[in-house]
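Spelled out from the first residue to the last, the chains are:
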Amino acid sequence: MTNGLKSLFDTFIREKQFLANLSPRTLASYKEIFARYEKYSDASDLPTQETLDQFIIGMREAGLSVTTVNISLRSFNSFLSWLTEHNKIPALRLKKLKEEKRVMKTLSDKQLSALYNWKPQTRAEHRLYTLLCLLIDTGVRINEALTLKNQNVDFDNLLVTVMGKGGKERIIPISAELRKIMYRYSTKYKYSRFPTEVFFSTSTGTQLGYHNTYRDLKRVLNACGISHEDFDGYFHSLRRKFAKSYVKNGGNLFYLQKVLGHSNIATTKLYVEAETEDLQATHLKTSLLSRLR
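Residues numbered from 1 in each chain as written. Predicted model: local features only at pLDDT ≥ 70, side-chain atom pairs only at ≥ 80, totals over all residues. Heavy atoms only, no water.

Trainee: What's the story with the environment of Asp 109 in this structure? I'm lost.
Mentor: Note that Asp 109 resides in helix α5 (residues 109–116). Sequence spacing of Asp 109 and Lys 241 is 132 residues, and the spatial spacing of their C-alpha atoms is 9.1 Å. In terms of polar contacts, Asp 109 uses its side chain to reach the side chain of Lys 241, at 2.8 Å. (Helix = DSSP H or I, 4+ residues; strand = E, 2+ residues; numbered from the N terminus. Polar contact = N/O pair within 3.5 Å; in protein donor to acceptor, adjacent residues only side chain to side chain.)

Trainee: I would appreciate a short explanation of the packing of aromatic side chains in the present structure.
Mentor: The geometry of an aromatic ring pair is captured by the separation of the ring centres together with the interplanar angle, meaning the angle of the planes. Evaluation of the coordinates by the stated rule reveals 23 aromatic pairs. Note on Phe 12 and Phe 79: the rings are 5.2 Å apart at their centroids and 55° apart in plane angle, and the pair reads as tilted. On the criterion of sequence distance, the pair formed by Phe 12 in helix α1 (residues 4–18) and Phe 79 in helix α4 (residues 66–85) is long-range, its members being 67 residues apart. For Phe 79, a relative accessible area of 2% translates into the label buried. An aromatic cluster of at least three residues, connected via ring pairs, comprises Phe 9, Phe 12, Tyr 30, Phe 34, Tyr 37, Phe 55, Phe 76, Phe 79 and Trp 82. Over the face of the ring belonging to Phe 199 we find Lys 190, whose NZ or CZ atom lies 5.6 Å from the ring centre. (Phe/Tyr/Trp six-rings, centres within 6.5 Å; stacked < 30°, edge-to-face > 60°. Buried < 20%, exposed > 50% of the residue type's maximum accessible area, 1.4 Å probe, protein only. Lys NZ or Arg CZ within 6 Å of the ring centre and 35° of its normal.)

Trainee: Can you help me understand a negative patch on the surface in this one?
Mentor: A surface patch of negative charge is lined by Asp 42, Asp 45, Glu 50 and Asp 53. Residue position: Asp 45 is located in the loop between α2 (24–40) and α3 (49–61). (Patch = residues over 30% accessible without salt bridge, like charges linked within 9 Å, V, L, I, M, F, W, Y side chains within 5 Å. Areas by Shrake-Rupley, 256 points an atom, 1.4 Å probe, with all protein chains shown as cover. Salt bridge = Lys/Arg side-chain N within 4 Å of Asp/Glu carboxyl O. Lys, Arg positive; Asp, Glu negative; His and termini not counted. Charge placed at Lys NZ, Arg CZ, Asp CG, Glu CD.)

Trainee: Explain the nonpolar core to me, please; I cannot follow it from the model alone.
Mentor: Most often, soluble globular proteins keep nonpolar side chains buried together rather than apart. With 44 residues, the main nonpolar core has Leu 132, Leu 134, Leu 135, Leu 148, Met 182, Phe 199 and Phe 200 as its most contacted residues. For this core, the secondary-structure elements that each account for two or more residues are α5, α6 (123–138), α7 (142–146), β2 (159–163), α8 (176–189), α9 (210–223), α10 (235–248) and α11 (253–260). For this core, the element with the highest residue contribution is α6, accounting for seven residues. Beyond its immediate stretch of four places on either side in the chain, Leu 148 contacts Leu 134, Val 153, Val 160, Thr 161, Val 162, Met 182, Glu 197, Val 198, Phe 199 and Phe 200. Residues Ala 43, Leu 52, Phe 55 and Leu 80 belong to the second largest nonpolar core, which totals 27 residues. (Core = buried A, V, L, I, M, F, W, Y, C linked by side-chain atoms within 4.5 Å. Contact = heavy atoms within 4.5 Å.)

Trainee: In this structure, what is going on with the environment of Glu 15? I would like to understand it.
Mentor: Position of Glu 15 relative to the elements: it lies in helix α1. Accessibility expressed as a relative area gives 25% for Glu 15, which makes it partly exposed. Contact partners of Glu 15, with chain neighbours within four places excluded, come to Ala 20, Trp 82 and His 86.

Trainee: In this structure, what is going on with the pattern of salt bridges? I would like to understand it.
Mentor: Opposite charge on two side chains lets them pair, provided their charged atoms get close. In total, this model carries nine salt bridges according to the counting rule given. With its nearest N and O atoms 2.8 Å apart, the salt bridge here joins Lys 241 to Asp 109. In this pair, Lys 241 is assigned in helix α10 and Asp 109 in helix α5, connecting sequence segments 132 residues apart. Notably, a salt bridge pairs Glu 144 with Arg 141, separated by 2.5 Å at the nearest N-O pair.

Trainee: It is not clear to me how a positive patch on the surface should be interpreted in this structure. Could you clarify?
Mentor: On the surface, Arg 25, Arg 74, Lys 96 and Lys 165 cluster together to form a positively charged patch. Here Lys 96 shows up in the loop between α4 and α5.

Trainee: Would you take a moment to explain the pairing of β2 for this structure?
Mentor: Successive side chains on a regular strand alternate, one facing one side of the sheet and the next facing the other. Where strand β1 (residues 153–154) and β2 come together, two bridges link them in antiparallel fashion. In the strand pairing of β2, Val 153 is matched with Val 160. The hairpin formed by β1 and β2 contains four residues between the paired strands, and Leu 158 there has a positive phi angle of roughly 55°. Pairing geometry for β2 and strand β3 (residues 169–173), over five bridges, is antiparallel. Residue pairing across strands places Thr 161 opposite Ile 171, the latter belonging to β3. Linking β2 to β3, which pair antiparallel, is a turn of five residues; within it Gly 166 sits at a positive phi near 75°. (Pairing = 2+ DSSP bridges.)

Trainee: Hey, could you run me through the sheet that holds β3 in this one?
Mentor: For sheets, the rule is that strands pair by backbone hydrogen bonds, running either parallel or antiparallel. Pairing in this open sheet of three strands is antiparallel, and the strands run β1-β2-β3 from one edge to the other. Each edge of the sheet is formed by a strand with only one pairing partner; in this case those strands are β1 and β3.

Trainee: For this particular structure, what's the right way to read the packing of α5 against α6?
Mentor: The geometry of α5 relative to α6 is characterised by a closest axis approach of 10 Å and an angle of 145° between their N-to-C directions. Counted together, Leu 112, Leu 115 and Tyr 116 of α5 and Tyr 129, Leu 132, Cys 133 and Ile 136 of α6 form the full contact between these two elements. When the residues that make up the contact of α5 with α6 are grouped by side-chain class, the tally is seven nonpolar, no polar and no charged. (Axes fitted to C-alpha atoms, helices over the stretch in contact; angles between N-to-C directions. Nonpolar A, V, L, I, M, F, W, Y, C, P; charged D, E, K, R; others polar.)

Everything listed here is a matter of geometry and, on its own, says nothing about what the molecule does.
So this is what it looks like as structure tokens:
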């Protein structure tokens, strides 16, 4: 393979890093998708409609899910747009595949209560418990919670400031109960041998890692008797649960959009689709036939 396309991609990454100031996580995602394009399509020359079709077919033949394919297409479209802007190719766009729409399952109120009433013992468990309570109370993304800075926790005014996607800061209110939990953790259980600006830090002052936190969450769910078959996703399930509860208890959809950090309210609406149990309960209250008895 000639290095022409790879060289262009490297330039694209440098511009996104230094000019657009994209996060390392986003840049890593672009690199992963480009490697996937090299694997499943002819990357010896500039993309054409034929090589793009080959890209999609290759991913599907390899058994990648429609969701994974669509994530790949959305990411690669950014590179295609950049190539068009730099007059390397005519306008090309990968179209999303049709996905089967289904309601994502979240933790039940009973399961969430079991998680909230879990009794941490060690410092690490108190850190995880505080992190989970933050996710439950605010609906922030797991990466936003892990990167939370000490200076951005305002105990006096019940506010936290998180760094969202695209480097956008977002101020989010917290409850008095969460303030109590976070304050107790920060004064009694938070420990680091070195100065640290991260609220959820390791003992050496570094930022808590996602994979270790994910591993610990699975242990807690198991200890609480919660099966992963009962819900979709792990940390993101808590975000969806927050969104559904927010609207169910009278929260404004536009306010929810701001709290969740969505640029498009259509994305927010996907989080609050009614669950079967809610529909059943509402139908029992509103059934016309029941009132005619």
